[in-house]
Amino acid sequence: MSVAMKLRELRWRAAGHYSQFGPEWTSPLAGARGLEIGGPSAVFRGDGMLPVYPQLAELDGVQVPHAHALWHGELEEGAYETGEPGLSGRLWLRDGTGLDHLPSESYDAILSSHVLEHIANPLRALEEWIRVLRPGGAFLIVVPHKEGCADHRRPTTTLEHMIDDLRAGTGEDDMTHADEVLRLHDIARDPPARDPETLRQRVLDNARVRAVHHHVFTLPSALRVLDHVGLRLIRATARWPHDIYVLAERPRPGEAVDNSALLDRGAVAGSPFTTDRA
């Protein structure tokens with residue numbers, strides 16, 4: 001690590017970017033029956049940065065078949081093992097864009113960390129995640145900020161592009177962004193990619209392993225997406241080294257949603273990323 005990078009890390013540690021989130025983030029999930037898409041996630045453990053697992057009464061999980069092997073090893077349907085004492089539930093190996101096996105409004109909370117960027121049709125996925133969340137239920141999502149990860153050379157994906165994907169019924173075998181990833185992905189920030197040939201093979205096999213980031217986010221762009229699908233935004237922040245955190249909820253029937261306080265640049269004042277403040 002260079003001296004400049006070390007100094008930057010020390011500065012952001014002093015600013016609290018590596019400390020745990022407080023109860024204003026975790027208490028809305030107290031006693032909830034949750035569903036996690038794409039976990040388990042270290043960030044949500046009791047010793048993690050956003051320790052919501054200890055708040056939950058139970059937690060089910062959905063993980064894409066085959067894709068989990070890159071991060072979690074081989075998994076089987078059955079018990080959902082998060083590593084959090086006393087927390088249990090069921091794991092389904094299914095595609096996160098289609099939760100047809102789950103009833104509508106059957107969960108009190110939806111959790112997801114570093115999943116949405118891997119989905120070719122994110123608005124369709126979000127619609128499904130919201131469908132199984134009860135009105136008034138908590139929606140907690142973490143996505144990588146482009147500036148802090150291997151996507152920093154790529155253009156931010158527009159909401160309009162994602163709307164086009166939804167209208168076109170884009171499938172998870174979509175290769176629209178393959179050339180862009182191969183040209184602009186920073187392998188130095190993605191050790192598992194190792195070298196250009198390994199990256200190329202991972203991109204070509206993406207329909208199976210789901211390693212590619214189809215879409216690229218900043219904090220403002222992520223908030224626009226979540227506002228578009230009708231969530232009420234409660235809290236949002238970006239933290240060094242590479243993450244965006246958003247806590248939202250599904251509105252109750254007839255409830256007006258006004259997200260202007262966060263959408264009108266209200267969430268970016270403390271962001272460590274220059275693209276958020278541009």
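Residues numbered from 1 in each chain as written. Predicted model: local features only at pLDDT ≥ 70, side-chain atom pairs only at ≥ 80, totals over all residues. Heavy atoms only, no water.

S.K.: Explanation requested: the overall build of the chain in the structure shown.
M.R.: Looking only at helices and strands, one finds eleven helices and eight strands in the chain. For 278 residues, the compact-globule estimate of 2.2 N^0.38 gives 19 Å, and the C-alpha radius of gyration of the chain, at 18 Å, lies within 12% of that figure. In terms of overall dimensions, the chain has a C-alpha envelope of 45 × 40 × 40 Å along the principal axes. Within the chain, buried positions represent 53% of all 278 residues. Of the contacts made within the chain by residues no fewer than 6 positions apart, 75% connect residues no fewer than 24 positions apart. Total accessible area on the chain is roughly 12,400 Å²; 51% of this is exposed by carbon and sulfur atoms. Placing the 30 positive and 40 negative side-chain charges of the chain at their respective mean positions leaves the two points 5 Å apart. (Helix = DSSP H or I, 4+ residues; strand = E, 2+ residues; numbered from the N terminus. Rg over C-alpha atoms; globule rule 2.2 N^0.38 Å. Buried < 20%, exposed > 50% of the residue type's maximum accessible area, 1.4 Å probe, protein only. Contact = heavy atoms within 4.5 Å. Areas by Shrake-Rupley, 256 points an atom, 1.4 Å probe, with all protein chains shown as cover. Lys, Arg positive; Asp, Glu negative; His and termini not counted. Charge placed at Lys NZ, Arg CZ, Asp CG, Glu CD.)

S.K.: Whenever I open this one, the sheet that holds strand β4 (residues 90–93) confuses me. Can you help?
M.R.: Whenever strands of a sheet pair, they do so through backbone hydrogen bonds, lying parallel or antiparallel. If you trace the eight strands from one edge of the open sheet to the other, you get β3-β4-β2-β1-β5-β6-β8-β7, paired in mixed fashion. On the outer flanks of this sheet lie β3 (78–79) and β7 (232–239), each paired with one strand and no other. Alignment of strand β5 (residues 107–113) against strand β6 (residues 133–144), held across six bridges, turns out to be parallel. Along β6, the bridge assignment pairs Leu111 with Leu140. Its contacts with the sheet put helix α4 (residues 122–131) on β1 (33–37), β5 and β6, and the angle it makes with β6 is roughly 140 degrees. The sheet contacts of helix α9 (residues 219–228) involve β6, β7 and β8 (243–249), and relative to β7 the element is tilted by about 160 degrees. (Pairing = 2+ DSSP bridges. Axes fitted to C-alpha atoms, helices over the stretch in contact; angles between N-to-C directions.)

S.K.: In this structure, what is going on with the side chain of Arg239? I would like to understand it.
M.R.: Considering the arrangement of structural elements, one finds Arg239 in strand β7. At 2.3 Å, the side chain of Arg239 forms a polar contact with the backbone oxygen of Ser19. (Polar contact = N/O pair within 3.5 Å; in protein donor to acceptor, adjacent residues only side chain to side chain.)

S.K.: In this structure, what is going on with α9? I would like to understand it.
M.R.: Because an α-helix completes one turn every 3.6 residues, residues spaced three or four positions apart along the sequence face the same direction. Along α9, seven of the ten residues are buried, which leaves the element largely enclosed by surrounding structure. Along α9, the residues classified as buried are Leu219, Pro220, Ser221, Ala222, Leu223, Val225 and Leu226. Immediately downstream of α9, the backbone of Gly230 shows phi near 90 degrees, a positive value.

S.K.: Quick question: what am I supposed to make of the nonpolar core here?
M.R.: In summary, soluble globular proteins display a tendency toward joint burial of nonpolar side chains. Formed by 43 residues in total, the largest nonpolar core has its most connected members in Leu35, Ile110, Leu126, Trp129 and Phe139. Mapped by element, the contributors of at least two residues to this core are β1, β5, α4, β6, α5 (159–168), α9, β7 and β8. Leave out the neighbours within four places in its chain, and Leu35 touches Leu59, Asp60, Gly61, Val62, Leu99, Leu102, Tyr107, Ala109, Ile110, Leu111 and Val132. If you look at the next biggest cluster of nonpolar residues, it comprises 23 residues, including Phe21, Leu50, Leu56 and Leu93. (Core = buried A, V, L, I, M, F, W, Y, C linked by side-chain atoms within 4.5 Å.)

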